[in-house]
Amino acid sequence: MKLSKKIDLCELSPIRKFYPYVVAAERRGVKIHALNIGQPDVQTPSVYFDALAAFRQNVLEYAPSPGIPELIEAIRGYYLRLNVALDPADILVTTGGSEALLMTMLCILDEGSEVIVPEPFYPNYNTFIRAAGGAICPVHTKPEDGYRYATREQIEPLINEKTRAILVTNPGNPTGTVLTAQELRLLADIAKEHDLYFICDEVYREFIYDGGEKNTAGCFDDLKEQLILIDSVSKRFSACGARIGALISRNRAFLEAATKIAQARLSVATLDQIGAAALYGVEPTYFEATRQEYQHRRDVCYRKLKEIPGVVTTEPKGAFYTMAKLPVDSAEDFQMFLLNEFEDNGETVTFAPGSGFYATPGAGKSEIRIAYVRCAEELERALDLLKLAIEKYNNR
Ligand SMILES: Cc1ncc(COP(=O)(O)O)c(C=O)c1O
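Residues numbered from 1 in each chain as written. Predicted model: local features only at pLDDT ≥ 70, side-chain atom pairs only at ≥ 80, totals over all residues. Heavy atoms only, no water.

Chemist: Help me out: how do you make sense of the packing of helix H5 (residues 96-108) against helix H9 (residues 252-264) in this one?
Modeler: Packed helices, taken two at a time, are described by the angle their axes make and the gap between the axes. The geometry of H5 relative to H9 is characterised by a closest axis approach of 9 Å and an angle of 115° between their N-to-C directions. Overall, the two elements H5 and H9 adopt an arrangement that is roughly perpendicular. For the element pair H5 and H9, the recorded crossing hand is right-handed. Between H5, through Met103, Thr104, Leu106, Cys107 and Ile108, and H9, the contact on the second element is made entirely by Phe254, Ala257, Ala258, Ile261 and Ala262. Its residues placed into classes, the contact of H5 with H9 shows nine nonpolar, one polar and no charged. (Axes fitted to C-alpha atoms, helices over the stretch in contact; angles between N-to-C directions. Helix = DSSP H or I, 4+ residues; strand = E, 2+ residues; numbered from the N terminus. Parallel < 35°, antiparallel > 145°, perpendicular 65-115°, else oblique. Left-handed = near helix turned anticlockwise from the far one by under 90°. Contact = heavy atoms within 4.5 Å. Nonpolar A, V, L, I, M, F, W, Y, C, P; charged D, E, K, R; others polar.)

Shown next, in the form of structure tokens:
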């Protein structure tokens with residue numbers, strides 16, 4: 001029996017693949033500060049749990065394939081507050097932003113198609129694109145340039161007859177880069193001129209720091225055909241376990257294509273949709289409070305990283321991640337050292353090694369991604385552990 005060539009080209013997630021070693025370290029009684037995964041400790045708004053508790057039905061039925069009407073209305077309401085007018089038919093509720101991404105790739109890619117993606121990128125993009133038969137065509141970015149990539153000079157030479165889409169994460173995971181309104185418009189123009197889909201993964205939309213403007217490609221009314229928005233409650237409302245996202249597009253042919261998959265997978269979990277409808281209605285003050293909290297964590301993380309000799313990093317401007325180049329030969333070996341050999345007072349720390357965030361072979365080998373999703377006190381300790389571990393690793 002054979003596995004498909006498509007799956008052979010996929011990798012395990014660099015964010016999750018160390019889990020067996022985490023379990024083994026925990027069995028030895030080691031406390032792990034997990035900064036490898038974007039799982040915040042911020043409380044989920046209670047309206048989610050209240051909505052679930054109020055649910056009374058004798059039969060837990062399948063939901064409609066596009067999503068329950070209350071949730072679709074709640075998503076529309078949230079977008080209207082961003083000045084983005086959507087029709088209910090523009091919204092397809094999905095099992096997390098993850099399913100929205102996979103559906104997108106299945107709908108737009110053929111064997112050999114390419115998607116232009118700035119690297120470092122969210123590693124699961126590679127899996128979704130590979131599973132649909134495509135490949136990432138990376139736009140290389142550097143910390144020295146603040147990981148910026150949105151220029152004609154960098155994007156246009158990569159476009160060829162195999163290119164189907166430009167995919168951006170804004171604000172960025174793993175770099176924390178936020179596109180300016182002009183950059184977003186430029187990318188939209190390039191997509192339009194070259195007849196490409198413009199996929200904007202905006203799951204971190206609400207997390208922008210230092211007074212930066214929140215922007216969404218959803219406000220480009222002229223992008224009816226090109227624009228595909230990826231949405232999710234996971235990070236915005238600290239509700240990762242709800243597994244609710246949305247695929248949003250005004251391109252009817254595209255959403256009808258996605259509906260074929262949506263109908264085949266029947267529906268998204270009914271109860272989580274009910275809870276998510278309540279989340280989309282939270283007061284805007286909720287976003288301000290969480291934004292302030294993450295900005296504080298960003299400040300701690302950046303300050304502590306700068307204190308470690310030999311570390312190269314830039315100040316992230318959004319989302320809740322940062323990339324850092326460490327003075328180690330291999331971040332992957334270093335991660336194994338952290339989990340198998342290192343401890344200080346019975347504690348260690350985990351990150352996501354950088355190479356899985358790149359498509360270019362050999363890139364990111366000494367880099368890590370840090371998710372600053374834990375409270376400031378824990379972050380301080382975790383980054384002290386990182387500093388200590390680098391010293392010990394390099395003095396072995
Ligand atoms: C950039 C980005 N897009 C999409 C997702 C998918 O999230 P979910 O499936 O939980 O909505 C994540 C999760 O970390 C992410 O970082």
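Chemist: Just to check I follow, could you spell out the sheet that holds strand S4 (residues 135-140) for this structure?
Modeler: Each strand in a sheet pairs with another by means of backbone hydrogen bonds, the pair being arranged parallel or else antiparallel. Overall, mixed pairing links the seven strands, which are arranged S2-S8-S7-S6-S5-S3-S4 in an open sheet. In the strand order of this sheet, the two ends are held by strand S2 (91-94) and S4, each with one partner. When the angles between neighbouring strand axes are averaged without regard to direction, this sheet yields 25°. Contacting S2, strand S7 (227-232) and strand S8 (245-248), helix H4 (residues 69-80) crosses the sheet at an angle of about 115° to S2. Helix H8 (residues 181-193) rests against strand S5 (163-169) and strand S6 (197-201) of the sheet, and its axis sits at about 150° to S6. (Pairing = 2+ DSSP bridges.)

Chemist: Explain the site of the ligand to me, please; I cannot follow it from the model alone.
Modeler: Around the ligand lies a shell of 15 residues, among which Ser98, Asp201, Tyr204, Ser232 and Ser234 are the nearest. One nitrogen or oxygen atom from the side chain of Ser232 is found 2.6 Å from an oxygen atom belonging to the ligand. A distance of 2.6 Å is found between an oxygen atom of the ligand and a side-chain nitrogen or oxygen belonging to Ser234. Coverage of the ligand by the protein amounts to 94% of the 400 Å² it exposes when considered alone. Looking at the shell around the ligand, the element that brings in the most residues is H5, giving four residues. Looking at the shell around the ligand residue by residue, the class counts come to five nonpolar, seven polar and three charged. (Near = heavy atom within 4 Å. Polar contact = N/O pair within 3.5 Å; in protein donor to acceptor, adjacent residues only side chain to side chain. Areas by Shrake-Rupley, 256 points an atom, 1.4 Å probe, with all protein chains shown as cover.)

Chemist: Which parts of the structure should I look at to understand the packing of helix H11 (residues 284-306) against helix H13 (residues 376-394)?
Modeler: Between H11 and H13, whose axes approach to 10 Å, the crossing angle comes to 20°. Classified by the interaxial angle, the pair formed by H11 and H13 is roughly parallel. Where H11 crosses over H13, the two elements pack in a sense that is right-handed. Across the interface between the two elements, His296, Arg297, Val300, Cys301, Arg303, Lys304 and Leu305 of H11 pack against Ala376, Leu379, Glu380, Leu383, Asp384 and Leu386 of H13.

Chemist: Which parts of the structure should I look at to understand the nonpolar core?
Modeler: Proteins that are soluble and globular tend to have nonpolar side chains buried together. Within the largest apolar cluster, 127 residues are counted, with the highest numbers of intra-cluster contacts made by Phe198, Leu247, Phe334 and Leu386. Among the elements that make up this core, the one with the highest residue count is H13 (nine residues). Setting aside chain neighbours within four positions, we find Phe198 in contact with Ile166, Val168, Leu184, Leu187, Ala188, Ala191, Ala217, Leu223, Gln226, Leu227 and Ile228. (Core = buried A, V, L, I, M, F, W, Y, C linked by side-chain atoms within 4.5 Å. Buried < 20%, exposed > 50% of the residue type's maximum accessible area, 1.4 Å probe, protein only.)

Chemist: Would you take a moment to explain the packing of aromatic side chains for this structure?
Modeler: Any aromatic ring pair is given by two values, namely how distant the centres are and how the planes are angled relative to each other. Tallying each qualifying case throughout the model produces 20 aromatic pairs. For the pair Phe237 and Phe287, a centre-to-centre distance of 5.8 Å together with 45° between the ring planes defines the contact as tilted. Highlighted residues: Phe237 in the loop between S7 and S8 and Phe287 in helix H11, separated in sequence by 50 residues. Per residue, the accessibility class of Phe237 equals that of Phe287, and both read buried. (Phe/Tyr/Trp six-rings, centres within 6.5 Å; stacked < 30°, edge-to-face > 60°.)

Chemist: Can you walk me through the domain arrangement of the protein in this structure?
Modeler: Bring the parts together and some accessible area is lost; that lost area is often taken as the interface size. Here the domain parsing of the protein yields domain 1 (5-43 + 287-394) and domain 2 (46-284). The distance between the C-alpha centroids of domain 1 and domain 2 comes to 25 Å. If you look at the interface, domain 1 gives 38 residues, while domain 2 gives 40 residues. Buried surface at the junction of domain 1 and domain 2, summed over both partners, amounts to about 3,300 Å²; 59% is from carbon and sulfur atoms. When the area that domain 1 buries against domain 2 is broken down by residue, the three leading residues are Lys6, Phe287 and Lys317, summing to 21%. Applying the counting rule to domain 1 against domain 2 returns two salt bridges. Across the pair Lys317 and Asp210 runs a salt bridge whose closest N-O atoms are separated by 3.0 Å. Scanning the region where domain 1 abuts domain 2 turns up 17 residue pairs in polar contact (both at pLDDT 80 or more). Taken together, the elements giving at least two residues each to the side of domain 1 that touches domain 2 come down to H11, strand S10 (321-325) and strand S13 (367-371). With seven residues, the single largest contributor to the side of domain 1 that touches domain 2 is H11. (Domains from an automatic or database assignment. Buried area = accessible area lost by both parts, 1.4 Å probe. Salt bridge = Lys/Arg side-chain N within 4 Å of Asp/Glu carboxyl O.)

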